[in-house]
Amino acid sequence: MATFAKPENALKRAEELINVGQKQDALQALHDLITSKRYRAWQKTHEKIMFKYIELCVDMRRGRFAKDGLIQYRIICQQVNVNSLEEVIKHFMDLSTKKAELARSQAQALEDALDVDDLEADKRPEDLMLSYVSGEKGKDRSDRELVTPWFKFLWETYRTVLEILRNNSKLMALYADTAHRAFQFCKQYKRTTEFRRLCEIIRNHLANLNKYRDQRDRPDLTAPESLHFYLDTRFEQLKVATELELWQEAFRSVEDIYGLTSMVKKMPKSSLMAVYYAKLTEIFWISSSHLYHAYAWFKLFQLQKSFNKNLNQKDLQLIASSVLLAALSAPPYDHLKTASHLELEHEKERNLRMYNLIGFNIDAKQHETREVARILSRSSLLADLVSKGVMTYVTQEVKDLYYLLENEFLPLDLTSKVQPLLVKISKLGGKVVSASSVPEVQLSHYIPALEKVATLRLLQQVSQVYQTMKVETLSKMVPFFDFSAVERISVEAVKHNFIAMKIDHMKGAVIFDDLGFESDVLQDHLSALAVNLNKSRSMIYPSQTKASKLSAMLLSLGDIVDKEHKKLLARKSIIEKRKEDQERHLLEMEREEETKRLKLQKKTEEAEQKRLASEFEERKHQRILREIEEREQQEAQALLNDVGKRIKKKGKKPPIIEGEKVTTQTLMVLAMQEQLRERQEMEKKMQKLIKTMDHFERAKREEAAPLIETAFQNRLAEEKVLHEREQQLEVERSRLRHDGDVKEKHRLARVMEHKMEFQERVVSRRQAEYNRMRSEREERLSQVLKARKEERDIKRKMLYFLRTEEERLTRLREEEEVRKRQEAEKRKKEEIERWAKLDEIAERQRKREQELEERERLRKEAILRGTPVDVPAKLPSDLPGPGSAAPAPAPAAAAPAAAAAAGGGSKYVPRFRRGAPAEPAAPPASVPSDRWGSGKADDRGAPPAGDKWRPSFGGSGGGTGKSWSSSKFSR
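Residues numbered from 1 in each chain as written. Predicted model: local features only at pLDDT ≥ 70, side-chain atom pairs only at ≥ 80, totals over all residues. Heavy atoms only, no water.

Draft legend 1. A look at the overall build of the protein chain. Helices and strands together make up the secondary structure of the protein chain, namely 33 helices and seven strands. Relative to its 971 residues, the protein chain shows a buried fraction of 28%. A separation threshold of at least 6 residues defines the contact pool for the protein chain, and within that pool the share at least 24 residues apart is 70%. For the protein chain, the exposed surface amounts to about 68200 Å²; the carbon and sulfur share of it is 55%. (Helix = DSSP H or I, 4+ residues; strand = E, 2+ residues; numbered from the N terminus. Buried < 20%, exposed > 50% of the residue type's maximum accessible area, 1.4 Å probe, protein only. Contact = heavy atoms within 4.5 Å. Areas by Shrake-Rupley, 256 points an atom, 1.4 Å probe, with all protein chains shown as cover.)

Draft legend 2. Main features of the packing of helix α10 (residues 192–211) against helix α12 (residues 247–264). Packing of α10 against α12 brings their axes to within 11 Å, and their N-to-C directions diverge by 20°. By the angle between their directions, the pair α10 and α12 is classed as roughly parallel. Both α10 and α12 take part in a crossing whose hand is left-handed. Contacts between α10 and α12 involve Phe-195, Arg-196, Cys-199, Glu-200, Arg-203, Leu-206 and Asn-210 from the former and Glu-249, Arg-252, Ser-253, Asp-256, Leu-260 and Met-263 from the latter. When the residues that make up the contact of α10 with α12 are grouped by side-chain class, the tally is five nonpolar, two polar and six charged. (Axes fitted to C-alpha atoms, helices over the stretch in contact; angles between N-to-C directions. Parallel < 35°, antiparallel > 145°, perpendicular 65-115°, else oblique. Left-handed = near helix turned anticlockwise from the far one by under 90°. Nonpolar A, V, L, I, M, F, W, Y, C, P; charged D, E, K, R; others polar.)

Draft legend 3. Highlighting the pattern of salt bridges. Within this structure, the stated rule accounts for 43 salt bridges. Put simply, Glu-744 and Arg-747 hold a salt bridge, and the shortest N to O gap is 2.3 Å. With Glu-744 and Arg-747 both in helix α29 (residues 664–748) and three residues apart, the pair spans about one turn of that helix. Note on Glu-744: relative accessible area 33%, which makes it partly exposed. Accessibility expressed as a relative area gives 45% for Arg-747, which makes it partly exposed. Between Glu-854 and Arg-857 there is a salt bridge, and its shortest N-O distance comes to 2.1 Å. (Salt bridge = Lys/Arg side-chain N within 4 Å of Asp/Glu carboxyl O.)

Draft legend 4. Structural view of the side chain of Thr-281. Its location among the elements puts Thr-281 in helix α13 (residues 270–286). Taking the relative accessible area as the measure of exposure, Thr-281 reaches 5% and is therefore buried. A polar atom in the side chain of Thr-281 sits 2.3 Å from the backbone oxygen of Ala-278. When sequence neighbours within four positions are dropped, the list of residues in contact with Thr-281 reads His-293, Ala-296 and Trp-297. (Polar contact = N/O pair within 3.5 Å; in protein donor to acceptor, adjacent residues only side chain to side chain.)

Draft legend 5. Spatial organisation of the state of the cysteines. Scanning the entire structure with this criterion turns up zero disulfides. With no disulfide of its own, Cys-186 lies closest to Cys-199 among cysteine sulfurs, the gap being 7.9 Å. Given the relative accessible area of 0%, Cys-186 is considered buried. (Disulfide = S-S within 2.5 Å.)

Draft legend 6. Local environment of the sheet that holds strand β4 (residues 501–504). Taken together, the three strands give an open sheet; going across it, the order is β3-β5-β4, and neighbouring strands pair in antiparallel fashion. Either end of the sheet is taken by a strand with one partner, and the two such strands are β3 (468–470) and β4. For this sheet the average axis-to-axis angle between neighbouring strands, irrespective of direction, equals 20°. Alignment of β3 against strand β5 (residues 509–512), held across three bridges, turns out to be antiparallel. Bridge pairing in β5 links Lys-470 to Ala-509. (Pairing = 2+ DSSP bridges.)

Draft legend 7. How the structure looks around a nonpolar patch on the surface. On the surface, Met-682, Met-686, Leu-689, Ile-690, Met-693 and Phe-696 cluster together into a nonpolar patch covering about 590 Å² of accessible area. Counting through the fold element by element, Ile-690 comes out in helix α29. (Patch = residues over 30% accessible without salt bridge, like charges linked within 9 Å, V, L, I, M, F, W, Y side chains within 5 Å.)

Draft legend 8. The arrangement of the pairing of β5 in detail. Relative to β5, β4 runs antiparallel, the two sharing four bridges. Across the sheet, the residue bridging to Lys-502 is Ile-511, located in β5. The hairpin turn running from β4 into β5, its antiparallel successor, is four residues long, and Gly-508 in that turn takes a positive phi close to 70°.

Draft legend 9. Molecular detail of helix α9 (residues 172–188). For α9, with 17 residues, the first-to-last C-alpha span of 24 Å sits near the 24 Å given by 1.5 Å per residue. Looking at α9, one finds that the buried residues are Met-172, Leu-174, Tyr-175, Ala-176, Thr-178, Ala-179, His-180, Ala-182, Phe-183, Phe-185 and Cys-186. Just downstream of α9 lies Lys-190, where phi reads positive at about 55°. (Expected span 1.5 Å × (residues − 1).)

Draft legend 10. Just the side chain of Arg-234, in detail. With respect to the helices, strands and loops of the structure, Arg-234 is situated in helix α11 (residues 224–243). Of the side chains with opposite charge, Asp-256 lies nearest to the buried Arg-234, which makes no salt bridge, at 4.7 Å. Sequence-distant contacts of Arg-234, defined by excluding residues within four places in its chain, comprise Ile-202, Leu-206, Asp-256, Ile-257 and Leu-260. (Lys, Arg positive; Asp, Glu negative; His and termini not counted.)

Draft legend 11. Spatial organisation of helix α1 (residues 7–19). A rise of 1.5 Å per residue sets the reference length of α1, with its 13 residues, at 18 Å; its end C-alpha atoms lie 19 Å apart and thus fit the reference within 8%. Those residues of α1 that are buried lie in contact with α2 (23–35) and α3 (44–60). Looking one or two residues past α1, Gly-21 carries a phi angle of roughly 90°, positive in sign.

Draft legend 12. Just the packing of aromatic side chains, in detail. One pass over the full model with this rule turns up 14 aromatic pairs. For the ring pair Phe-480 and Phe-481, a centre distance of 6.3 Å and an interplane angle of 75° mean the geometry is edge-to-face. Aromatic ring contacts, followed pair by pair, group Phe-151, Tyr-158, Phe-185 and Tyr-189 into a single cluster. Of note, Arg-61 hangs over the ring of Trp-150, and the distance from its end group to the ring centre comes to 5.0 Å. In this arrangement the basic side chain of Arg-834 is found over the ring face of Trp-835, its NZ or CZ atom lying 5.3 Å from the centre. (Phe/Tyr/Trp six-rings, centres within 6.5 Å; stacked < 30°, edge-to-face > 60°. Lys NZ or Arg CZ within 6 Å of the ring centre and 35° of its normal.)

Draft legend 13. Highlighting unusual backbone geometry. For Arg-61, which is not glycine, the phi dihedral falls at a positive 55°. Along the chain, the position of Arg-61 falls in the loop between α3 and α4 (63–77). Take Arg-61: its relative accessible area is 40%, and that puts it in the partly exposed class. Unlike most non-glycine residues, Ser-288 shows phi in positive territory, near 60°.

Draft legend 14. Spotlight on a negative patch on the surface. A cluster of acidic residues, Glu-588, Glu-590, Glu-592 and Glu-593, forms a negative patch at the surface. Within the secondary structure, Glu-593 sits in helix α28 (residues 557–649). (Charge placed at Lys NZ, Arg CZ, Asp CG, Glu CD.)

Draft legend 15. Quick peek at the packing of α11 against α12. Viewed as axis vectors pointing N to C, α11 and α12 meet at an angle of 165°, and their least axial separation amounts to 8 Å. Accordingly, the angle class assigned to the pair α11 and α12 is roughly antiparallel. The two elements α11 and α12 cross, and the hand of that crossing is left-handed. When α11 is examined against α12, the residues Leu-227, Tyr-230, Leu-231, Arg-234, Phe-235, Gln-237, Leu-238, Ala-241 and Thr-242 are found in contact with a partner set consisting of Trp-247, Glu-249, Ala-250, Ser-253, Val-254, Asp-256, Ile-257, Leu-260, Thr-261 and Val-264. Per-class residue counts for the contact of α11 with α12 are 12 nonpolar, four polar and three charged.

Rendered as C-alpha cells:
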C-alpha cells in the first residue's frame, strides 16, 4: 500500500501511471488513498480524485471497485459536503451511459446483441463450447461480446447507486432520478428480468426503511418532499410495468402505492390518482376481473369529472360510455354461490384487498357479513351509475343497450336488437385529448364480453318462458356464437346457479328446469307479485279520495310547515354545535399527536445521540487497540526481519513458524529469542577478541618503550636550538619596526593642524544638519498629535451622539410599548365590564321570567281550586332590594276585603266558611325556591288552613329557625 504526504501527490502519481499505460496500478493507488483512514477530512482535491477514480473504473469496467470507492467517499463527505457525492454519482452514471451508448452505436444488430435472458448470469457452458469449437466467430457473437458487457456494467451501475443512496434523506432527488433512469433502461431495451429485480430492490429499500427506524439520515416519509419522491418513483414503476406488459409486477406496484399512502395517511394528487385508476383498469381487464375493472373505470370517471377542468363533452361522453360498458360486461351471476369454504376464505381475502385498492375502505369485521360483502356487485354498481347521473353522459347506443340487457324482457328478439347496437358501439372510440391519464379509449374490446352477457340474458329469459326448445332454434337465436360456445357459456351459468338447463344431444333438445326455492328469482317472488297486483288494481280502479285527502292535508299544512321549520332550525343548530365540537376535538387530537410526535422525536434524537456517542467511543477504543496491536506487530515483524537478515548474512536459515497462528506475542517472543542468542554469541566473540588484543598490545608496548625514549631525547635537543634561533629573529624584527614608526610620526606631524581644521568644519556642518532635521521632526510630530487629538474628539462626539440617539429611541419604544399595554389592559377591562353587565342583565331577565311563571302558576292553581287569589300589583323583582327601605305593611283587614272584592258577589261561598276568618294569602314570592330550582314551595312546610305562622328562635327543629303553631292548640 503506497502512502502519500498529500492527496494531490496520489492524483499526480495516478496520472503518471495512466500516461505510461498502467491503469490498474493507478486505480489501485487511488483506491488505497480513498480507503485510507489518514485522509478522512474532506477537501476539494478528494472530488478530483473521485472523478479520476470513477473514470478508471468505467474504462476498466470495475464495478466492485467503484462501489467500494463510492461507499468510502460517502463516509468522507456525508456530513461535510453531500453535494460533492451527488456530482460524483451523476458523473459515474453519465460515463456508464455514454459507454453503453457508444457500444450500442458500434454494434450493427442491437436486438440480436441483447438477446440475453439475464444480464447478471455468467456464460453458459454451451456458449463456451461454441466459442472454442467455432473457427470463426460470427457477427452476432462479436456484437454480443461488444455490447452486452457494457450493458451489464450499466445495470450494475444503477444497482450500486441505488444501494448507496437508499437511506440518505439529503439525496432523495438523486435516488428518484436514478430509479427513473433504471426504469427507462429496462423499458428501452425490454429488460423484463432486470425490471423485476429493480422493483424488488426498491421494495426492499422501503421495507428496511420502516424496519430500522433508528438510522441516521433516514428519510422522513411524513415530509411532503420525501413522500412526493417515493410516490413519483412508484407511479413511474407502474407505468413502465404496464408498458412492458408485466401485469403481475404492475399489480404489485399498485399494492406498493396503496401501502405507501396507507402508511403516511395522505392521498396523492388527483392527477396521480387518475393515472393510478387508469392503470388499474388495464390490470383488471387483463386479469378478466370485469367487475373490478368497471369499478376502477367508475372511480376514474369521478376523478376526471371532479378535477379535470379541461375535460370536454366528447371525452366525458366517451369515458362515461366506457364505465357503463365495463359494468355491463361483468357476469350477471355470483361466483361464490357454489364455492367451497376454503374458496370462500380465499375469495374473502382477495375481495378485501381489491376493495382497498379500488378505494372502498372496508375492514375485515365488516367483510364478515353477507350484506356488506355485496357492496361491490354488478347490481349495486349499475344502481350507482343511475343515481350518480352517469347515464346522462353516455351515448344513445350504449344507453339503449343498457335498457335492453337490464330492463327489457324479450326472450325471442333480444339478440336481434342487441347485435346492431354492438356493431355501432364497436366503431366508437378514439383518443382522449383532455385527459392525459387515459390517452385512448376503444369500446370495441368490450364486444366479446357484451355478447356473452347478452347470451346469458337470452338463456335466462328463455328459461322463464319455455321448458323445452330445439337446439337448432336456440342456435338461430344466438347469432354471436356457434352452439359449442353457447354450450360452454350455459355450463358456466349452470355451475354458478344462474340458470337450470340440460342439453339432450340425442333428441336435439334443450330442457329448462326450475332453480328451486333458494334461487334469486324466487326469493322475492311473492313481494314482486304483490307490487304488480297493486299497480294493476290502481290502474283499473283509480282512487277517488285524492281531492278530499288533499283538502284535509291543506288545513294542517301550516302547522306541519312550522313544526318542520323549527325541527330544521334545531337540527341545524345541533349540527353546527356537533361540527364545532368535532373540529375542537380534531384540533385537540392533532395537537396531542403533534406533542407526542415531538416528544417521541426528541427521545429518538437523544437515544440516537447517545448511541452515536457510545459507538464513537467504542470505535475509538477499538481503533486505538487495533493501532497499538498493528504497531506492536509491525515492530515485532521489523525486529524479526532484521534478525533474519543478519542470520542470512551469516549463512544460516531464518526461523520458520509452522503449525500455529502467527500472533504479535509469538513474533515478539521469537524476535527476543533470536536477539538474545545473537547477543550471547556476540559476547563470546568479544571476550575472545579482548584477550587476543590484550596480549598483542602488551607485546607491542614492550618493544616500543626504548625507541620512544630515544626519540624523545632527540626531539628535546632539536627544539632547544630552534627556540634560540627564533628568539633572536624576533628581537631584530621589533627593533626595525620601532625605527620605522618613529620616522612616520615625524613625517605626519606637519599636517596635524590642517586635520583639526577639517574635522571642526565637518562636525559643525553635521551638527547644523542634525538640528534642522530635529526641528522638522518635532514640528511633524506636533502636527500628527494635533490631528489625532482632533480625530479622537470627533469620534468621541459621534459616539456620544449615537449613544444618546439610541437611548432616546429605546425610551420612545418602551413608552410606546407601555402605552399599548395600558390600552390593551383598558380594552380588556372594558370588555370584562361589558360582559359582566350583559350577564347581570341576562340574570335579571331570567329571574323576571321565573317570577312571571311563578305568578302565572299561582293564578292557575287558585283558579283550579276555586279560591280567590290576590295577585300582587308588583313582581318580587320590582320590590326594593335589601339595601332599600321596606314599605309599610298593609293593615290586617285589607286581606279579607281584597278577597271579598276579588271574589265578587256572584261567587258561591259555603256556609261553614261564611263566618270563618279569611284564608291567609299565598306565601310571598320572596320565599326561596327549593334546591332544584322548580319554584314550588315544600308541601311539608305549608301550614294547614286556619293556622298561624310565627317565628321561633332558639328552637331545635331544623335549619330555618321557624315553626308552625296551630290556632286550635295555641288557645
